[in-house]
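Now for the letters of each chain:
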Amino acid sequence: MSGQNGILVKVKDVEKTFRRGSEEIHVLSGLNLEVAEGEFLALMGPSGSGKTTLLNLIGGLDRPTSGSLEVSGERIDQMSGRQLAEWRARHVGFVFQFYNLLPVLTAERNVELPLLLTHLTKAQRRRHVHTALEVVGLSHRARHYPHTLSGGEQQRVGIARAIVTDPTMILADEPTGDLDRKSGDEILSLLQALNREHGKTIIMVTHDPHASARATRTVHLDKGQLSMEAPA
Amino acid sequence: MKLLFLVWSNLKRRKLRTSLTLLSIFVAFLLFGLLCTIENAFTAGVTMAGADRLIVRHKVSLLVSLPMTYGPRMERIPGVVSATHSTWFNGIYQNEPKNFFPSIPVEPEPFLEMYPEYVLPADQKQAWLQTRTGAVIGRQLAERFGWKIGDRVPLTSPIWPRKEEGAWEFDIVGIYDAGKKSTDTSGFFFRYDYFDEARAYGQGEVGWYYVQVENPERADEVARAIDAEFANSPYETKTEPEGAFAQGFIQQVGNIGTILIAILSAVFFTILLVAGNTMAQAVRERTGELGVLKAVGFSDGLVLALVLAESCLLAALGGLTGLGAAWLVTVRGSPVPTMLPVFYLPNEDLLLGVGLVVVLGVVTGIVPAIQAMRLPVAVALRRNA
Ligand SMILES: Nc1ncnc2c1ncn2[C@@H]1O[C@H](COP(=O)(O)OP(=O)(O)OP(=O)(O)O)[C@@H](O)[C@H]1O
Ligand SMILES: [Mg+2]
C-alpha cells in the first residue's frame, strides 16, 4: 500500500468555520490527515459533514480558518490568491459531481481549457488533449458538445480535463453521484486505472460504499473529525 | 489571443439575446453617425468660415443694400487687405420654387482670391472673365441638374427683375470643386457687372461686403474701424466675422446641436441599460462555469479580463458596424442637397464614435467583471450543485 511512498498531503490541526450572518458554523475542528503519494483515498461521511469543504481546502479552492495544509512540501494555506490559482493549474485536477463542462465548448475544447494557461503551442495542446481523451476512451466524441453526450461520457470528458495537465493529484467530489450503476462503475474503473497504471494520487468523496471499495483506503468524516478505517 | 474563442463562444450562447443586443447597439451607433452628419451639415457654414474674413452688412438688415462705393473706402482702412461684395439674387430654375440654390452675383477676380477653397481651373477662370453672362457653379449643383460647361441656364429672381422682359440667361463657363471637405459646392456665381447693368432697379447697390483682414487676431479691431467709418451715414454698417454671421444664420434654424445631443444622450442611456443587462445576466447565469475556470487555474484578473473582453466585443461588433453603416450612407451624398449641401461624417465624429464604443464596452462590462473577479471559487462551484 501507500506506506512505502512519501507523504504528499499533510493536513494539520485544520479548522474551518463558516459565518452565516451572526451564526458560526464549525465544519472542521482540529482535523489531521496525511495522504501518501500514489494513494487512492475515499472520503466518506454524512451529508453536511464537511467532505466538500475538506476537499476544497486540499485543492486550494478555499483557505482554512486555522491550521496548516502542505502539499509536496508547499504550504498552500499561506499562498496568495494568485499563487494558489497558479498552483492549482500545475498540481490539481478536479472532477465534479455534475461534470461542470462548459456547454458552449466541444469536448476537446473543454479538455483543452487548463492547457490555455500554459505555454504549449497549439499543436502540443492538441496532442495532449487527444492523449487525455484516448485515456478516457472518448477520442471519437472529441467534436461533440456536452449536451449531446451521456452523463457517463460527460464525466469522462471531465476526467480527461482533470488529467490533461498531468497534475500531482486528482480530487473528485462524488464523481459517480449523478450516474447509474453501470456508468458509475466505468468511471470508478477509470479512476482505478489512473491510480494503478499512471500512479496518480486520487482523493475521492463518495457516499457509496461500492465506490469506496475501489479505493486503497477509506476515511470517515463526522462531526468535524476523521475516523480511520482499515485499508480496503 | 487563444482565449478569444472562449469569449466568442460565450457570446454565441444565447444567440437571440446577443443578436437583439447587437441590433440595438448597431442602431444606436448608426443614429449617432447620421445625427453627427446632420449636425455637421447645419454648422458647415461656420466651419467653412475663414477666420480672416469679415462680413459687412447694413446695420438694419441683410436685405437692405449698401452702396458700391463703400468697397474702395473699406480697402483704405488699415488692416484690410481687400473688400469685395455679393448680393442675394435668389434665383429659381424653371419657376419651380424647389429648384432653389444659392445664386449670387460677385466680382470674379477678387471673389476667387478671397475664396481659395473654391477650386476652379485656370482656363475656366479665364472664360469667366471673358464672358459677361458667364456663371461658375459648384460640382454638386452641376450634378443635381446635369449642367455642363457650355449650357445656357435661364433663372428667374423674385427680387431682381430684368429691365427687359423674360428670365435671366447665364452661360455655364466653369465648375468649381471643394478645396476642403467642408466646402459647399452647391453655389451659382455670376458676374455683378452683367447683373447690375441688366436689373430693373438698384443700380450701384450691393447686398453685403466680404472683407479680408491682414491679421485674424485683430479682426475685431478692424470690424470696429469699418463700422466707425460709416457711422452717421445713410447706410450704417454692421461688421462681424464670417463665422459669427453663419452662426447667426444657424440659430434661426434652432439650436440643432443641443437637440441632437439630447436625443443621443437618451439613446445611449437606453443602450447602456440594454447592454449592461445583457452582461449582468451573462455573468449571473454562468457563475458555476466561472468557478470551473478558476478551479482549473484561471486567475481572478484573467476572469475579469474575459468578462470585459466579452462586453467590449459586443460593443465593438454592434458599434463599429453601426458607424460603418452610417459612413456608407453618408458617402453616397446628401439625400436633400437643397437643404443640406455639405453632407459627410467628419473624422472627429467617427473617432468620437469609436471612443463611445470603448466606453460602452467598459461601462457595461466593468461591474459584472468585478463581480466575477471577486467571486470566491468555492462559492461559485457550489452554485452549480
Ligand atoms: N460558503 C459557505 N457558507 C456557509 N456555510 C457553508 C459554506 N460552505 C459550506 N457550508 C456549510 O458547511 C457544512 C459542510 O458543507 P459541505 O458541503 O462541506 O458538506 P458535505 O459533506 O460535502 O455534504 P454533501 O455530502 O451534502 O455534499 C454544511 O452545513 C454547509 O451548509
Ligand atoms: Mg459535498
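Residues numbered from 1 in each chain as written. Chains lettered and ligands numbered in written order. Predicted model: local features only at pLDDT ≥ 70, side-chain atom pairs only at ≥ 80, totals over all residues. Heavy atoms only, no water.

Asks: Please set out the environment of leucine 116 of chain A residue by residue, giving values where relevant.
Replies: Mapped onto the secondary structure, leucine 116 of chain A falls in the loop between helix 3 (107-112) and helix 4 (122-135). C-alpha separation for the pair leucine 116 of chain A and glutamine 155 of chain A, spaced 39 residues apart in sequence, amounts to 21 Å. If sequence neighbours within four positions are ignored, leucine 116 of chain A has contacts with Arg125 of chain A together with Lys2, Leu3 and Phe5 of chain B. (Helix = DSSP H or I, 4+ residues; strand = E, 2+ residues; numbered from the N terminus. Contact = heavy atoms within 4.5 Å.)

Asks: Report on the domain arrangement of chain B, specifying residues and quantitative values.
Replies: Size of an interface: often given as the accessible area lost when the parts come together. Taken domain by domain, chain B holds domain 1 (2-45 + 254-384) and domain 2 (48-253). If you average the C-alpha positions of domain 1 of chain B and of domain 2 of chain B, the two centres end up 47 Å apart. (Domains from an automatic or database assignment.)

Asks: If you had to explain the packing of helix 10 (residues 256-284) of chain B against helix 13 (residues 347-374) of chain B to someone new, which residues and values would you point to?
Replies: All names here are of chain B. Here helix 10 crosses helix 13 at 35°, and the two axes come no closer than 9 Å. Two packed elements cross with a definite hand, and for helix 10 against helix 13 that hand is right-handed. Residues Phe268, Ile271, Leu272, Ala275, Gly276, Met279, Ala280 and Val283 of helix 10 form the contact with helix 13, whose own contacting residues are Leu356, Leu360, Val363, Thr364, Pro368 and Ala372. Classifying every residue of the contact of helix 10 with helix 13 by side-chain character gives 12 nonpolar, two polar and no charged. (Axes fitted to C-alpha atoms, helices over the stretch in contact; angles between N-to-C directions. Left-handed = near helix turned anticlockwise from the far one by under 90°. Nonpolar A, V, L, I, M, F, W, Y, C, P; charged D, E, K, R; others polar.)

Asks: Before we move on, could you go through the sheet that holds strand 12 (residues 208-213) of chain B and cite the residues and values that matter?
Replies: Residues and elements named next belong to chain B. An order of 3-12-1-13 is seen for the four strands of this open sheet, with the pairing classed as antiparallel. Only two strands of the sheet have a single partner each, and these edge strands are strand 3 (80-86) and strand 13 (237-241). The sheet shows a mean angle of 25° between the axes of neighbouring strands, direction not considered. Sheet topology places strand 1 (residues 53-58) next to strand 13; five bridges connect them, and they run antiparallel. (Pairing = 2+ DSSP bridges.)

Asks: Residues and numbers for helix 1 (residues 51-58) of chain A, please.
Replies: Side chains that are three or four residues apart share a direction in an α-helix, a result of its 3.6 residues per turn. Of all eight residues in helix 1 of chain A, seven are buried, a share of seventy percent or more. Where helix 1 of chain A is concerned, the buried positions are Lys51, Thr53, Leu54, Leu55, Asn56, Leu57 and Ile58 of chain A. (Buried < 20%, exposed > 50% of the residue type's maximum accessible area, 1.4 Å probe, protein only.)

Asks: Outline the site of ligand 1, supporting the account with residue identities and numerical values.
Replies: Surrounding ligand 1, one finds 15 residues, the nearest of these being Ser47, Lys51, Thr52 and Thr53 of chain A together with Arg382 of chain B. The site occupied by ligand 1 is bordered by residues of chains A and B. Within the side chain of arginine 20 of chain A, an N or O atom sits 3.1 Å from an oxygen atom of ligand 1. Side-chain polar atom of histidine 207 of chain A to an oxygen atom of ligand 1: 3.0 Å apart, as the coordinates give it. Here ligand 1 loses 75% of its free accessible area of 630 Å² to cover by the protein chains. Sorting elements by how many residues they give to the shell around ligand 1 places helix 1 of chain A first, with three residues. For the shell around ligand 1, the residue count by class is four nonpolar, seven polar and four charged. (Near = heavy atom within 4 Å. Polar contact = N/O pair within 3.5 Å; in protein donor to acceptor, adjacent residues only side chain to side chain. Areas by Shrake-Rupley, 256 points an atom, 1.4 Å probe, with all protein chains shown as cover.)

Asks: Requested: an account of the packing of aromatic side chains, with residues and values cited.
Replies: All chains considered together, the criterion is met by 38 aromatic pairs over all chains. Pairing tyrosine 118 of chain B with phenylalanine 189 of chain B gives two aromatic rings, centres 5.5 Å apart and planes at 40°, and the pair type is tilted. Remark: phenylalanine 189 of chain B occurs in strand 10 (residues 188-191) and tyrosine 118 of chain B occurs in strand 6 (residues 118-119); sequence separation between them is 71 residues. The burial state of tyrosine 118 of chain B is the same as that of phenylalanine 189 of chain B; both residues are buried. Between the aromatic rings of tryptophan 208 of chain B and tyrosine 210 of chain B, the centroid separation amounts to 6.4 Å while the plane-to-plane angle is 85°, which identifies the pairing as edge-to-face. Between arginine 109 of chain A and the ring centre of phenylalanine 5 of chain B, over which it is positioned, the NZ or CZ distance is 3.7 Å. The lysine or arginine in question, arginine 199 of chain B, covers the ring of tryptophan 160 of chain B, its NZ or CZ lying 4.7 Å from the ring centre. (Phe/Tyr/Trp six-rings, centres within 6.5 Å; stacked < 30°, edge-to-face > 60°. Lys NZ or Arg CZ within 6 Å of the ring centre and 35° of its normal.)

Asks: Got a sec to walk through the side chain of histidine 58 of chain B? Specific residues and values, please.
Replies: Residue and element names in this part refer to chain B. Take histidine 58: it is sitting in strand 1. Side-chain polar atoms of histidine 58 contact the backbone nitrogen of valine 60, separated by 3.0 Å. Setting aside residues up to four positions removed in sequence, histidine 58 forms contacts with Val64, Ser65, Leu66, Pro234, Tyr235, Glu236 and Lys238.

Asks: Any chance you could break down a nonpolar patch on the surface for me, citing the residues and the numbers?
Replies: All names here are of chain B. A contiguous nonpolar patch, built from Leu320, Val354, Val358, Val362, Ile366 and Val367 and spanning about 430 Å² of accessible area, is present on the exposed surface. Looking at the nonpolar patch, the element that brings in the most residues is helix 13, giving five residues. Positionally, leucine 320 belongs in helix 12 (residues 300-331). (Patch = residues over 30% accessible without salt bridge, like charges linked within 9 Å, V, L, I, M, F, W, Y side chains within 5 Å. Salt bridge = Lys/Arg side-chain N within 4 Å of Asp/Glu carboxyl O.)

Asks: Lay out the interface of chain B and chain A in plain terms, naming residues and giving numbers.
Replies: Taken residue by residue, the interface counts 23 residues in chain B and 25 residues in chain A. With both chains or domains summed, chain B and chain A bury close to 2,200 Å², and 69% of this area falls on carbon and sulfur atoms. Taken together, chain B and chain A are joined by zero salt bridges. Counting every contact that joins chain B to chain A gives four residue pairs in polar contact (both at pLDDT 80 or more). Broken down by secondary-structure element, the contributors of at least two residues to the side of chain B that touches chain A are helix 1 (4-13), helix 11 (287-295) and helix 14 (377-382) of chain B. Of the residues contributing to the side of chain B that touches chain A, the split by class is 13 nonpolar, five polar and five charged. (Buried area = accessible area lost by both parts, 1.4 Å probe.)

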